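For reference, the chains in residue letters:
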Amino acid sequence: IKIIAHRGGVVDPHRSENSFAALEEAIRRGYTHVEIDARITGDGHVVCFHNDELLEEAGIQGKISKMPLREVVKITLTRSGEKIPTFEEYCAHCAGRIAVMIDLKGCNTKHIPTYTHEIEGALRTHNLLDDALILINKIPVNNQETISQHFFGLSKVSWRHSLPTTQNAAQQNPTLSKHYYVFNHFQDFTQENLVSYQSLGFEVIVSINTHHYKNGSPQPQGEHNVRQVLEWGANGLQIDSCYDIVL
(Lines give C-alpha, C1' and ligand atoms only; values in the text may rest on other atoms or scores of the structure.)
Protein backbone atom coordinates (compact mmCIF):
# COMPACT_ATOMS: atom_id res chain seq x y z
CA ILE A 1 0.00 0.00 0.00
CA LYS A 2 1.21 3.51 -0.82
CA ILE A 3 1.31 5.87 2.18
CA ILE A 4 1.78 9.44 0.97
CA ALA A 5 2.70 12.32 3.27
CA HIS A 6 0.47 15.30 2.48
CA ARG A 7 1.92 18.84 2.39
CA GLY A 8 5.50 17.74 1.85
CA GLY A 9 6.06 15.46 4.81
CA VAL A 10 5.42 15.44 8.54
CA VAL A 11 4.07 18.93 9.20
CA ASP A 12 3.73 20.10 12.80
CA PRO A 13 4.49 23.23 14.90
CA HIS A 14 8.22 22.80 14.22
CA ARG A 15 8.20 21.58 10.61
CA SER A 16 6.92 23.74 7.76
CA GLU A 17 5.03 22.50 4.71
CA ASN A 18 7.36 21.37 1.91
CA SER A 19 10.43 21.76 4.11
CA PHE A 20 13.42 19.45 4.33
CA ALA A 21 12.70 18.91 8.02
CA ALA A 22 9.19 17.65 7.18
CA LEU A 23 10.57 15.45 4.41
CA GLU A 24 13.23 13.90 6.63
CA GLU A 25 10.67 13.00 9.28
CA ALA A 26 8.39 11.41 6.64
CA ILE A 27 11.31 9.26 5.49
CA ARG A 28 12.16 8.34 9.08
CA ARG A 29 8.55 7.24 9.70
CA GLY A 30 8.54 5.01 6.65
CA TYR A 31 6.19 6.80 4.24
CA THR A 32 6.42 5.41 0.72
CA HIS A 33 5.77 8.77 -0.98
CA VAL A 34 5.82 12.47 -0.21
CA GLU A 35 3.49 14.95 -1.89
CA ILE A 36 5.33 17.95 -3.34
CA ASP A 37 3.52 21.18 -4.19
CA ALA A 38 4.99 22.49 -7.47
CA ARG A 39 4.47 26.26 -7.50
CA ILE A 40 5.58 28.61 -10.32
CA THR A 41 7.57 31.79 -9.66
CA GLY A 42 7.08 35.05 -11.50
CA ASP A 43 9.96 34.28 -13.84
CA GLY A 44 8.81 30.74 -14.63
CA HIS A 45 10.75 28.51 -12.24
CA VAL A 46 9.39 25.82 -9.92
CA VAL A 47 9.62 25.85 -6.14
CA CYS A 48 8.00 23.73 -3.44
CA PHE A 49 5.26 25.80 -1.82
CA HIS A 50 1.54 25.16 -1.37
CA ASN A 51 -0.20 28.53 -1.59
CA ASP A 52 0.62 31.39 -3.92
CA GLU A 53 0.25 33.70 -0.91
CA LEU A 54 3.22 33.77 1.46
CA LEU A 55 1.53 34.91 4.67
CA GLU A 56 0.55 31.56 6.19
CA GLU A 57 3.89 29.77 5.85
CA ALA A 58 6.35 32.68 5.70
CA GLY A 59 4.58 35.42 7.66
CA ILE A 60 5.02 38.09 4.97
CA GLN A 61 2.83 39.69 2.34
CA GLY A 62 3.39 38.73 -1.27
CA LYS A 63 2.81 36.07 -3.91
CA ILE A 64 5.19 33.48 -5.31
CA SER A 65 3.77 34.10 -8.80
CA LYS A 66 4.80 37.77 -8.65
CA MET A 67 8.39 37.25 -7.50
CA PRO A 68 11.53 36.06 -9.33
CA LEU A 69 13.22 32.88 -8.18
CA ARG A 70 16.23 34.73 -6.72
CA GLU A 71 13.91 36.46 -4.22
CA VAL A 72 11.72 33.45 -3.45
CA VAL A 73 14.63 31.23 -2.37
CA LYS A 74 15.69 33.85 0.20
CA ILE A 75 12.35 33.64 2.05
CA THR A 76 12.39 31.89 5.42
CA LEU A 77 9.70 29.40 6.41
CA THR A 78 8.45 30.48 9.83
CA ARG A 79 8.19 27.10 11.56
CA SER A 80 11.28 25.34 10.22
CA GLY A 81 13.52 28.37 9.81
CA GLU A 82 14.52 26.97 6.41
CA LYS A 83 14.42 28.64 3.00
CA ILE A 84 11.83 27.77 0.35
CA PRO A 85 13.39 24.92 -1.69
CA THR A 86 13.46 24.74 -5.44
CA PHE A 87 11.76 21.74 -6.98
CA GLU A 88 15.11 20.34 -8.10
CA GLU A 89 16.62 20.68 -4.61
CA TYR A 90 13.68 18.88 -3.07
CA CYS A 91 13.90 16.03 -5.60
CA ALA A 92 17.60 15.68 -4.86
CA HIS A 93 16.74 15.09 -1.19
CA CYS A 94 14.17 12.43 -2.18
CA ALA A 95 16.41 10.53 -4.60
CA GLY A 96 16.85 6.89 -3.66
CA ARG A 97 14.98 7.41 -0.38
CA ILE A 98 11.29 8.08 -1.05
CA ALA A 99 8.95 8.27 -4.07
CA VAL A 100 7.00 11.43 -4.93
CA MET A 101 3.50 12.65 -5.70
CA ILE A 102 3.61 15.95 -7.60
CA ASP A 103 0.72 18.32 -6.95
CA LEU A 104 0.74 20.39 -10.13
CA LYS A 105 -0.39 23.85 -9.05
CA GLY A 106 -0.33 24.91 -12.69
CA CYS A 107 0.76 28.11 -14.40
CA ASN A 108 -0.25 30.55 -17.09
CA THR A 109 0.02 29.43 -20.70
CA LYS A 110 3.33 31.17 -21.47
CA HIS A 111 5.09 29.31 -18.66
CA ILE A 112 3.85 25.79 -19.49
CA PRO A 113 7.03 24.77 -21.41
CA THR A 114 9.41 25.85 -18.63
CA TYR A 115 7.16 24.53 -15.86
CA THR A 116 6.88 21.06 -17.39
CA HIS A 117 10.56 21.03 -18.41
CA GLU A 118 11.80 21.80 -14.90
CA ILE A 119 9.53 19.24 -13.27
CA GLU A 120 10.27 16.45 -15.73
CA GLY A 121 13.97 17.29 -15.75
CA ALA A 122 14.32 17.11 -11.97
CA LEU A 123 12.32 13.89 -11.73
CA ARG A 124 14.35 12.30 -14.50
CA THR A 125 17.71 13.47 -13.14
CA HIS A 126 16.98 11.98 -9.73
CA ASN A 127 15.37 8.76 -11.02
CA LEU A 128 11.94 9.65 -9.63
CA LEU A 129 9.95 9.88 -12.87
CA ASP A 130 8.86 6.26 -13.37
CA ASP A 131 7.32 5.90 -9.91
CA ALA A 132 5.99 9.46 -9.60
CA LEU A 133 2.29 10.15 -9.20
CA ILE A 134 1.01 13.29 -10.95
CA LEU A 135 -1.87 15.07 -9.21
CA ILE A 136 -4.30 17.78 -10.33
CA ASN A 137 -7.44 19.32 -8.84
CA LYS A 138 -10.79 17.59 -9.25
CA ILE A 139 -11.84 20.65 -11.26
CA PRO A 140 -8.62 21.59 -13.11
CA VAL A 141 -7.30 25.15 -12.87
CA ASN A 142 -4.27 27.03 -14.22
CA ASN A 143 -3.80 24.70 -17.23
CA GLN A 144 -3.46 21.65 -14.95
CA GLU A 145 -5.13 19.32 -17.43
CA THR A 146 -2.83 20.40 -20.26
CA ILE A 147 0.25 20.15 -18.05
CA SER A 148 -0.68 16.71 -16.72
CA GLN A 149 -0.94 15.32 -20.25
CA HIS A 150 2.74 16.12 -20.73
CA PHE A 151 3.41 13.32 -18.21
CA PHE A 152 1.13 10.77 -19.89
CA GLY A 153 3.16 7.61 -20.40
CA LEU A 154 5.97 8.91 -18.19
CA SER A 155 4.26 8.73 -14.79
CA LYS A 156 0.77 7.81 -13.60
CA VAL A 157 -1.68 10.74 -13.63
CA SER A 158 -4.65 11.26 -11.32
CA TRP A 159 -8.08 10.23 -12.62
CA ARG A 160 -10.83 12.11 -10.77
CA HIS A 161 -14.03 11.11 -12.57
CA SER A 162 -17.22 9.41 -11.44
CA LEU A 163 -17.54 5.65 -11.62
CA PRO A 164 -20.02 5.69 -14.57
CA THR A 165 -17.72 8.03 -16.52
CA THR A 166 -14.77 5.78 -15.70
CA GLN A 167 -16.62 2.63 -16.75
CA ASN A 168 -17.46 4.20 -20.12
CA ALA A 169 -13.92 5.47 -20.62
CA ALA A 170 -12.40 2.09 -19.72
CA GLN A 171 -14.69 0.37 -22.19
CA GLN A 172 -13.41 2.67 -24.93
CA ASN A 173 -9.78 2.36 -23.80
CA PRO A 174 -8.92 -0.86 -21.92
CA THR A 175 -5.36 0.38 -21.20
CA LEU A 176 -6.57 3.46 -19.31
CA SER A 177 -5.66 2.06 -15.89
CA LYS A 178 -2.04 1.63 -16.94
CA HIS A 179 -1.65 5.39 -17.22
CA TYR A 180 -3.97 6.72 -14.51
CA TYR A 181 -4.75 6.11 -10.85
CA VAL A 182 -8.05 7.02 -9.20
CA PHE A 183 -7.69 9.76 -6.61
CA ASN A 184 -10.29 11.57 -4.52
CA HIS A 185 -11.23 12.57 -1.00
CA PHE A 186 -12.61 10.00 1.41
CA GLN A 187 -16.05 11.59 1.14
CA ASP A 188 -16.14 10.74 -2.58
CA PHE A 189 -15.87 6.98 -1.99
CA THR A 190 -17.96 4.12 -0.76
CA GLN A 191 -16.56 0.64 -0.30
CA GLU A 192 -18.61 -0.49 -3.27
CA ASN A 193 -17.37 2.12 -5.74
CA LEU A 194 -13.77 1.80 -4.53
CA VAL A 195 -13.84 -1.93 -5.30
CA SER A 196 -15.54 -1.18 -8.64
CA TYR A 197 -12.71 1.14 -9.68
CA GLN A 198 -10.23 -1.59 -8.73
CA SER A 199 -12.15 -4.15 -10.78
CA LEU A 200 -11.42 -1.98 -13.82
CA GLY A 201 -7.70 -2.28 -13.06
CA PHE A 202 -7.17 1.09 -11.36
CA GLU A 203 -5.12 1.74 -8.27
CA VAL A 204 -7.25 3.77 -5.84
CA ILE A 205 -5.62 6.36 -3.60
CA VAL A 206 -7.76 8.09 -1.00
CA SER A 207 -7.03 11.53 0.45
CA ILE A 208 -7.71 12.16 4.13
CA ASN A 209 -6.65 15.51 5.57
CA THR A 210 -7.79 17.84 8.30
CA HIS A 211 -9.26 20.45 5.95
CA HIS A 212 -11.91 17.96 4.78
CA TYR A 213 -13.68 18.02 8.15
CA LYS A 214 -15.76 21.17 8.59
CA ASN A 215 -17.82 20.01 11.57
CA GLY A 216 -16.44 18.62 14.81
CA SER A 217 -12.90 17.60 15.63
CA PRO A 218 -10.94 16.43 12.55
CA GLN A 219 -8.65 14.10 14.50
CA PRO A 220 -11.05 11.30 15.53
CA GLN A 221 -12.96 11.57 12.24
CA GLY A 222 -9.80 11.27 10.19
CA GLU A 223 -8.46 8.36 12.23
CA HIS A 224 -11.76 6.53 11.81
CA ASN A 225 -11.74 7.12 8.05
CA VAL A 226 -8.14 5.88 7.72
CA ARG A 227 -9.18 2.63 9.39
CA GLN A 228 -12.18 2.33 7.07
CA VAL A 229 -10.11 2.84 3.94
CA LEU A 230 -7.62 0.21 5.05
CA GLU A 231 -10.47 -2.23 5.66
CA TRP A 232 -11.87 -1.50 2.21
CA GLY A 233 -8.54 -2.43 0.63
CA ALA A 234 -7.50 0.86 -0.95
CA ASN A 235 -4.19 0.84 -2.80
CA GLY A 236 -2.98 3.99 -1.10
CA LEU A 237 -3.61 6.84 1.31
CA GLN A 238 -2.58 10.47 1.07
CA ILE A 239 -2.81 11.73 4.64
CA ASP A 240 -1.88 14.53 6.98
CA SER A 241 0.80 13.14 9.26
CA CYS A 242 -1.38 13.52 12.38
CA TYR A 243 -3.28 10.45 11.18
CA ASP A 244 -0.35 8.08 10.76
CA ILE A 245 -0.64 6.97 14.40
CA VAL A 246 -3.31 4.47 13.31
CA LEU A 247 -1.20 2.83 10.59
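Structural data are supplied above this passage.
In every chain, residue numbers begin from 1 and rise along the written sequence. Predicted model: local features are reported for residues with pLDDT of at least 70 only, side-chain atom pairs are reported and counted for 80 or more only, and whole-chain, interface and lining totals are derived from all residues. Working from all heavy atoms in the structure, the side-chain values ignore hydrogens and water.

Asker: When you look at a nonpolar patch on the surface in this model, what are you seeing that I'm missing?
Answerer: Residues enter a patch when their relative accessible area is above 30% and they make no salt bridge; the linking distance is 9 Å between like charges and 5 Å between nonpolar side chains (Val, Leu, Ile, Met, Phe, Trp, Tyr). Per-residue and other accessible areas were derived by the Shrake-Rupley procedure at a 1.4 Å probe size, with only the shown protein chains allowed to occlude residues. Every case where a carboxyl oxygen of Asp or Glu lies within 4 Å of a side-chain nitrogen of Lys or Arg is listed as a salt bridge. A contiguous nonpolar patch, built from Ile1, Leu230 and Leu247 and spanning about 280 Å² of accessible area, is present on the exposed surface. Looking at Leu230, the relative accessible area reads 35%, which means it is partly exposed. Note on exposure labels: buried denotes an accessible area under 20% of the residue type's maximum, exposed denotes more than 50%, and partly exposed covers the range between, all computed with a 1.4 Å probe on protein chains only.

Asker: Explain the pairing of strand E7 (residues 180-185) to me, please; I cannot follow it from the model alone.
Answerer: When a strand is regular, its side chains alternate between the sheet's two faces. Judged by how many residues are buried, E7 sits mostly within the fold: 5 of 6 residues are covered. Strands pair, by our definition, only if DSSP identifies at least two bridges between them. Going along the chain from the N terminus, every DSSP run of H or I of four or more residues is numbered as a helix, and every run of E of two or more is numbered as a strand. Sheet topology note: the strand E6 (residues 156-159)/E7 ladder contains 3 bridges and is parallel. Its bridge partner being in E7, Trp159 is matched across the sheet by Val182. Summarising the sheet, E7 and strand E8 (residues 204-208) pair through 4 bridges and their orientation is parallel. Directly across from Val182, in E8, lies its bridge partner Val204. A clockwise course of the path from the first strand over the helix to the second, judged with the strands pointing away from the viewer, identifies a crossover as right-handed. Each parallel crossover has a hand, and the one from E7 via helix H9 (residues 191-199) to E8 is right-handed.

Asker: Help me out: how do you make sense of the side chain of Thr86 in this one?
Answerer: Among the secondary structure elements, Thr86 is positioned in the loop between helix H3 (69-72) and helix H4 (87-94). With relative accessibility at 15%, the residue Thr86 sits in the buried group. Contacts are residue-level and defined by heavy atoms, with any inter-residue pair within 4.5 Å sufficient. Here Thr86 is in contact with Val46, Val47, Cys48, Leu69 and Val73, once residues within four sequence places are set aside.

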